[in-house]
Amino acid sequence: MTQLHHSAGEQQQRASHAALASLLNLTLLPGFAFIWLLLNLKKCSQDGIDRYHTVLGLKLNLIAAVALLVVTGLMILAGGLGSAWTWVYVITYFTMVHSLFILAAVWALVRAWAGQKLTVR
Amino acid sequence: MQYQSQSVAKLYFLAAMGLFAGQILFGIILGLQYVMGDFLFPEIPFNVARMVHTNLLIVWLLFGFMGASYYLVPEESGRELYSPKLAVLMFWVFLVAGALTILGYLFVPYSGLAQMTGNGILPTMGREFLEQPTITKLGIVVVALAFLYNVGMTVLTGRKTVVTIVLMTGLVGLAVFFLFSFYNPDNLVKDKYFWWWVVHLWVEGVWELILASILAFVLIKTTGVDREVIEKWLYIIIAMTLITGIIGTGHHYYWIGTPSYWQWWGSIFSALEPIPFFMLTLFAFNTINKRKREHPNKAAVLWAMGTAVMAFLGAGVWGFLHTLSPVNYYTHGSQITAAHGHMAFYGAYVMVVLTIMSYAIPLMRGQQAKSNRMQVMEMWSFWLMTVSMVFITLFLTGAGILQVYLQRYSDAPQAFMVVQEKISLFYWMREAAGLVFLVGVVLFILSFFLPQEEKNMQAQPA
């Protein structure tokens, strides 16, 4: 019984670490925090909250990479660096979408702290 | 409502609502003047409309802060307000002084208003946001002192909580820093230097303390989360606010004649300014997620959550966007500043006042929450105002980037008015979003005044 409780606590802690890594990858430590997420995945339980938040973090960051880097890259390719309109779209889009990903990661973090999945009870 | 004297807040909230509607009306006029320069000229020239728009914002937010304080301080202190009569008297003094000032702006040429109000004796007029005649500024000081005395005595003679201590710190700071509006040196650099001590140290300093304490109060009441947990968050948030915000004033000191070290100090510390707003979001999300009960006033909880998110976006992200000195070199005073200003004021201060109104007004009427129908209307007002403000910000950001590029960055910079013509599409879209915002304001106000369905209302427990 004690062992099970301890295990659940550990899962919750790993879930919190995964959510924090996801947030850090979107903010202060892009790349490095993604490696942390991948390393976290190895330590996760088969079907616990830790795996859920690690996989969620990986998915969120991969989608963010596409939405931020690929889409803005395409905008620049299409419009060219010398066009004022390229910068209008790129800066406005990047700032707004990046902020939304950060907010999603913050929500995931507080859910992980509470040992809950992303969806509201 | 636990104490009878809390009801004085209702007067302040009503005035705040009326002035908020006025502010948005002038915003609509102003937005139209950006694209139709002669609109309402000469009756309401652009400079007058702008002055009324910004001054009404400041005045109604002050009414909101005072109303919030009169509501929450007795409840937190566990006693009646020290002097409800003084609160009512000061309400009328402030309202009459404010109304006369706005009427003065509208019906008397500004130079004539300065002469009429004796500005020559102690000149303080003519500076952005501090356009009020000196006599009005003196009136604000009197009202602020009476207000501080009233809530201060209530706090000192009652229970002290972290919420009231943080709130009082913010309110005292608000009054103290306003005194710099009376310092008006001839040297333009010194003038601007100390002008920011009012403007910046208000909105990126002491007002954040007021914001955090009001939000903490509403979250304590609506979520049932332990006060101790919320208070710890509050301490960290206000510490980060002051650590980053005070020296962050330096981001206003780039290239205005101040020493060049401000480029570094301003850039570094103001780059850290999003941290307290980020923590505010984390705090609100965490508190709401760990709520111990479902409060019947769902609209108030929505406003509280919205405040944290929009303050982070408007003040945090959009502030960071142009705060580093090499970036600000190009963006200073462009429409990017306007984008940041709109979303930051809305997210941080407008929304927190609407949050406490949403929470407190039903309680002052003896209900825990409005009827379901009126709450739905209020939530519509939330989404209309919030989404339209996001679009206003995005359109102004687009306008600002284009403006900076064409006017300041390009190899062949174009003249200001030429560029204004080229970004007029953004101004039109901003105007459309502004009209949607106005609909949101009207719905918000109506949700308090339309008849409530008795059967759905929950009576306040005795």
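Attention shifts here to the packing of aromatic side chains. Residues and elements named next belong to chain B. In the structure shown here, the tally under the stated rule is 53 aromatic pairs over all chains. Ring centres of Y12 and F63 lie 5.9 Å apart, and the angle between their planes is 50°; this geometry places the pair in the tilted category. With a gap of 51 residues between them, Y12 in helix α1 (residues 8–35) and F63 in helix α2 (residues 46–77) connect regions that are remote in the sequence. Among the residues examined, Y12 registers a relative accessible area of 1% and is labelled buried. Its relative accessible area of 0% is what places F63 among the buried residues. Relative to F395, the ring of F391 has its centre 5.8 Å away and its plane inclined at 40°; by these criteria the two rings are tilted.

Right, let's talk about unusual backbone geometry for a bit. Residues and elements named next belong to chain B. With an omega of 10°, the peptide bond between F41 and P42 qualifies as cis. Residue placement: P42 occurs in the loop between α1 and α2. The backbone of L40 shows a phi angle near 60°, a positive value even though the residue is not glycine. Although it is not a glycine, W255 adopts a positive phi angle of roughly 55°. In this structure, W255 sits in the loop between α8 (227–247) and α9 (261–271).

Further remarks concern the nonpolar core. For soluble globular proteins, the rule of thumb is that nonpolar side chains tend to be buried together. Counting 180 residues, the largest nonpolar core has W60, F65, Y70, W207 and M357 of chain B as the members making the most contacts within it. Counting 5 residues, the second-largest nonpolar core is a separate cluster that includes A21, F34, L37 and L58 of chain A.

Residue and element names in this part refer to chain B. With respect to the secondary-structure elements, P74 resides in helix α2. Along the chain, P74 and M51 lie 23 residues apart, while their C-alpha atoms are 35 Å from each other. With near-sequence residues (within four places) excluded, P74 lies in contact with Y3, S5, Q6, S69, R79, E80, L81 and T154.

This part takes up the packing of α1 of chain B against helix α16 (residues 424–449) of chain B. All names here are of chain B. Look at α1 against α16: their axes get within 9 Å of each other, and the N-to-C directions meet at 165°. Here α16 runs roughly antiparallel to α1, going by the angle between their axes. Judged by the twist between their axes, the crossing of α1 over α16 is left-handed. Looking at the contact of α1 with α16, its residues break down into 20 nonpolar, 4 polar and 2 charged.

Attention now moves to the interface of chain A and chain B. The interface is formed by 24 residues belonging to chain A together with 25 residues belonging to chain B. A combined buried area of about 2200 Å² lies between chain A and chain B, and 80% of that area is made up of carbon and sulfur atoms. Our enumeration of links across chain A and chain B arrives at 0 salt bridges. Counting the contacts that link chain A with chain B gives 4 residue pairs in polar contact (both at pLDDT 80 or more). Among the elements that line the side of chain A that touches chain B, the one with the most residues is helix α4 (residues 84–113) of chain A, at 17 residues. In terms of residue class, the side of chain A that touches chain B is made up of 16 nonpolar, 6 polar and 2 charged.

Before going further, it helps to examine α2 of chain B. Residue and element names in this part refer to chain B. Taking 1.5 Å per residue as the helical rise, α2 with its 32 residues ought to reach 46 Å, and the 46 Å between its terminal C-alpha atoms agrees with that figure. Counting buried residues in α2 gives 29 out of 32 residues, a clear majority hidden from the surface. One or two steps after α2, the chain reaches G78, where phi turns positive at roughly 70°.

With that settled, consider the packing of helix α5 (residues 134–156) of chain B against helix α6 (residues 162–178) of chain B. Residue and element names in this part refer to chain B. Between α5 and α6, the least distance of the axes is 10 Å, while the angle of their chain directions is 160°. On the basis of their axis angle, the class for α5 and α6 is roughly antiparallel. Considering how the two elements wind past one another, α5 and α6 form a crossing that is left-handed. Contact residues: K137, I140, V141, A144, F147, L148, V151, G152 and V155 in α5; T164, M168, L171, V172, A175 and F178 in α6. Broken down by class, the residue content of the contact of α5 with α6 amounts to 12 nonpolar, 2 polar and 1 charged.

Bringing the pattern of salt bridges into the picture now. Residue and element names in this part refer to chain B. Scanning the model with the defined rule gives 9 salt bridges over all chains in all. Linking K221 and E75 is a salt bridge whose minimum nitrogen-to-oxygen distance equals 3.0 Å. With K221 in helix α7 (residues 188–223) and E75 in helix α2, this residue pair connects regions lying 146 residues apart in the sequence. Two residues, E76 and R227, come together in a salt bridge whose shortest N-O distance is 2.7 Å. Residue E76 is found in helix α2, and its partner R227 is found in helix α8; the two are separated by 151 residues along the sequence. Neither residue differs from the other here; E76 and R227 are each classed as buried. Where salt bridges share partners, they join E76, R227 and E231 into one cluster.

Thresholds applied
Residues numbered from 1 in each chain as written. Chains lettered and ligands numbered in written order. Predicted model: local features only at pLDDT ≥ 70, side-chain atom pairs only at ≥ 80, totals over all residues. Heavy atoms only, no water. Phe/Tyr/Trp six-rings, centres within 6.5 Å; stacked < 30°, edge-to-face > 60°. Helix = DSSP H or I, 4+ residues; strand = E, 2+ residues; numbered from the N terminus. Buried < 20%, exposed > 50% of the residue type's maximum accessible area, 1.4 Å probe, protein only. Core = buried A, V, L, I, M, F, W, Y, C linked by side-chain atoms within 4.5 Å. Contact = heavy atoms within 4.5 Å. Axes fitted to C-alpha atoms, helices over the stretch in contact; angles between N-to-C directions. Parallel < 35°, antiparallel > 145°, perpendicular 65-115°, else oblique. Left-handed = near helix turned anticlockwise from the far one by under 90°. Nonpolar A, V, L, I, M, F, W, Y, C, P; charged D, E, K, R; others polar. Buried area = accessible area lost by both parts, 1.4 Å probe. Salt bridge = Lys/Arg side-chain N within 4 Å of Asp/Glu carboxyl O. Polar contact = N/O pair within 3.5 Å; in protein donor to acceptor, adjacent residues only side chain to side chain. Expected span 1.5 Å × (residues − 1).

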